[in-house]
Amino acid sequence: MDTVKHGFAPVYNENSKILILGSFPSVKSREVEFYYGNKRNRFWKTVCSYFNEEVPDDTDGKKQFLLRRNVALWDVVTECEIVGSKDETIKNFKVADIKKLLQNSKIGFIILNGSKAYEIFVKHFGDIHIPFVKLSSTSPANTHFSKDEWHAALSRAFDRT
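What counts as what
- Residues numbered from 1 in each chain as written.
- Predicted model: local features only at pLDDT ≥ 70, side-chain atom pairs only at ≥ 80, totals over all residues.
- Heavy atoms only, no water.
- Core = buried A, V, L, I, M, F, W, Y, C linked by side-chain atoms within 4.5 Å.
- Buried < 20%, exposed > 50% of the residue type's maximum accessible area, 1.4 Å probe, protein only.
- Contact = heavy atoms within 4.5 Å.
- Salt bridge = Lys/Arg side-chain N within 4 Å of Asp/Glu carboxyl O.
- Helix = DSSP H or I, 4+ residues; strand = E, 2+ residues; numbered from the N terminus.
- Axes fitted to C-alpha atoms, helices over the stretch in contact; angles between N-to-C directions.
- Parallel < 35°, antiparallel > 145°, perpendicular 65-115°, else oblique.
- Left-handed = near helix turned anticlockwise from the far one by under 90°.
- Nonpolar A, V, L, I, M, F, W, Y, C, P; charged D, E, K, R; others polar.
- Pairing = 2+ DSSP bridges.
- Polar contact = N/O pair within 3.5 Å; in protein donor to acceptor, adjacent residues only side chain to side chain.

### Overview of the nonpolar core
Step number 1: Counting residues in hydrophobic clusters, the biggest one holds 48 residues, and the most contacted among them are L19, I20, W44, I98, I110, I111 and F121.
Step number 2: With residues near it in sequence (within four places) discarded, W44 still touches F34, Y35, Y36, S49, V55, K62, F65, L66 and L73.

### Quick notes on the pattern of salt bridges
Step number 1: Following the criterion strictly, the structure yields five salt bridges and no others.
Step number 2: The closest approach of N and O atoms between R68 and E53, which form a salt bridge, is 2.4 Å. Of this pair, R68 sits in helix α3 (residues 59-68) while E53 sits in the loop between α2 (43-50) and α3, and the two are 15 residues apart along the sequence.
Step number 3: Judged by relative accessible area, which is 21%, E53 ranks as partly exposed.
Step number 4: Salt-bridge contacts for E79 lead to K94; the nearest nitrogen and oxygen are separated by 3.8 Å. Placement of E79 in strand β4 (residues 77-82) and of K94 in strand β5 (residues 91-95) is noted, with a sequence separation of 15 residues between them.
Step number 5: The class of E79 is partly exposed, set by a relative accessible area of 30%.
Step number 6: On the basis of relative accessible area, K94 is assigned to the partly exposed category, the value being 49%.

### Brief notes about the packing of α2 against α3
Step number 1: Where α2 contacts α3, the axes come no closer than 12 Å and their chain directions differ by 40°. For the element pair α2 / α3, the angle class is oblique. In terms of crossing hand, the pair formed by α2 and α3 is left-handed. Contacts between α2 and α3 involve W44, V47 and C48 from the first element and K62, F65 and L66 from the second.
Step number 2: Among the residues forming the contact of α2 with α3, the class breakdown is five nonpolar, no polar and one charged.

### Thoughts on the sheet that holds strand β7 (residues 132-135)
Step number 1: Spatial strand order, β3-β2-β6-β7: four strands in an open sheet with parallel pairing. Each edge of the sheet is formed by a strand with only one pairing partner; in this case those strands are β3 (71-75) and β7. Strand-to-strand twist in this sheet, taken as the mean axis angle between neighbours without regard to direction, amounts to 20°.
Step number 2: Both strand β2 (residues 18-22) and strand β6 (residues 109-113) contribute to a ladder of four bridges, which runs parallel. Looking across to β6, one finds that I20 is bridged to I111.

### Section: the environment of T46
Step number 1: One can find T46 in helix α2.
Step number 2: Put simply, T46 and Y118 are 72 residues apart on the chain and 19 Å apart in space, counted from C-alpha to C-alpha.
Step number 3: Once you skip the residues sitting within four places of it in the chain, T46 turns out to touch F145, K147, W150 and H151.
Step number 4: Side-chain polar atoms of T46 contact the backbone oxygen of R42, separated by 2.7 Å.

This is the structure:
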């Protein structure tokens, strides 16, 4: 069991319209100190392809891409004990201050990346009056990932905001 003191700060600004929430950074993400750092994770390819853009080469480019496209990115868990990258082992966790982020942005739709993010979000933030949806995890371990599902959800999200 690894005790991880903290995840990453959210990427957002006052113009952010949608929020994508993961569960907690993977081992590879923690190594590179930014979201979805495992090159086999489908997140960056999927979101960038929705906008017909190439995946930025570095962390700063990824941050600028998100802000330019009004996408906020964070994890629902900010601190926890975890074995490797396995969501099912997350315990003794603290949740993100999502309500504060919502107060400081124009977010009108939330996408939850995978079952664990959804489970924790609903338990702690189910009373939020902003539409949200659970999507298949972009993790390389997920054999049921659907790029089409993600693109459809991004279209719905931007149509609503």
